[in-house]
Amino acid sequence: ADILTQPLCEGTVYFVTATTFSDASWRTLDQQLSDAPDGAKAVSLSVPLNRAYWKVDEATKLPFSWGDNTVYFQSRLPSGEAVTPAETLSQRIET
């Protein structure tokens, strides 16, 4: 199955290796994951998920076979908890 075209809203834990995606594929997958259920967890490499929907619980560098990579541990925000674009921008700057 193609993760860019199949619904991903049923998952509770996601592992995303963003280092391997084109910009267009990353944007599509990031949008798909905005429909994840409240409280879902995600681990992404290199790039955090959209902070309007996901909270970064921790970011750390870890060693991989190709070298060190930033790993983001994230939780899906509750559906009713909106994050404004200004808040999202300030969160990105802080990380």
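Refer to the structure presented above.
Residues numbered from 1 in each chain as written. Predicted model: local features only at pLDDT ≥ 70, side-chain atom pairs only at ≥ 80, totals over all residues. Heavy atoms only, no water.

## Section: the environment of Cys-9
Move 1: Considering the arrangement of structural elements, one finds Cys-9 in the segment before strand S1 (13-17).
Move 2: You can call Cys-9 partly exposed: its relative accessible area is 36%.
Move 3: Separated by 23 residues in sequence, Cys-9 and Gln-32 place their C-alpha atoms 7.7 Å apart.
Move 4: Beyond its immediate chain neighbours, meaning those up to four positions away, Cys-9 contacts Tyr-14, Asp-35, Ala-36 and Pro-37. (Helix = DSSP H or I, 4+ residues; strand = E, 2+ residues; numbered from the N terminus. Buried < 20%, exposed > 50% of the residue type's maximum accessible area, 1.4 Å probe, protein only. Contact = heavy atoms within 4.5 Å.)

## Looking at the sheet that holds strand S4 (residues 67-76)
Pairing between sheet strands relies on hydrogen bonds along the backbone, with the strands arranged either parallel or antiparallel.
Move 1: Reading across from one edge, S1-S2-S4-S3 is the order of the four strands in this open sheet, with mixed pairing throughout. Among the strands making up the open sheet, the edge pair consists of S1 and strand S3 (54-64). Averaged over all pairs of adjacent strands, the angle between strand axes in this sheet comes to 15°, irrespective of strand direction.
Move 2: Sheet analysis places S1 next to strand S2 (residues 41-45), joined by five bridges and oriented parallel. Bridged to Val-16 within S2 is Ser-44. (Pairing = 2+ DSSP bridges. Axes fitted to C-alpha atoms, helices over the stretch in contact; angles between N-to-C directions.)

## Focus: the pairing of S4
Move 1: Within S4, seven of the ten residues are buried, leaving the element largely enclosed by the surrounding structure.
Move 2: Pairing analysis gives five bridges linking S2 to S4, with the strands arranged antiparallel. In the sheet register, Lys-41 faces S4, and the bridge partner there is Ser-75.
Move 3: Sheet topology places S3 next to S4; ten bridges connect them, and they run antiparallel. Bridge pairing in S4 links Val-56 to Gln-74.

## As for unusual backbone geometry
Move 1: Even without glycine at this site, Ser-46 takes up a positive phi of about 80°.
Move 2: Looking at the element boundaries, Ser-46 is found in the loop between S2 and S3.

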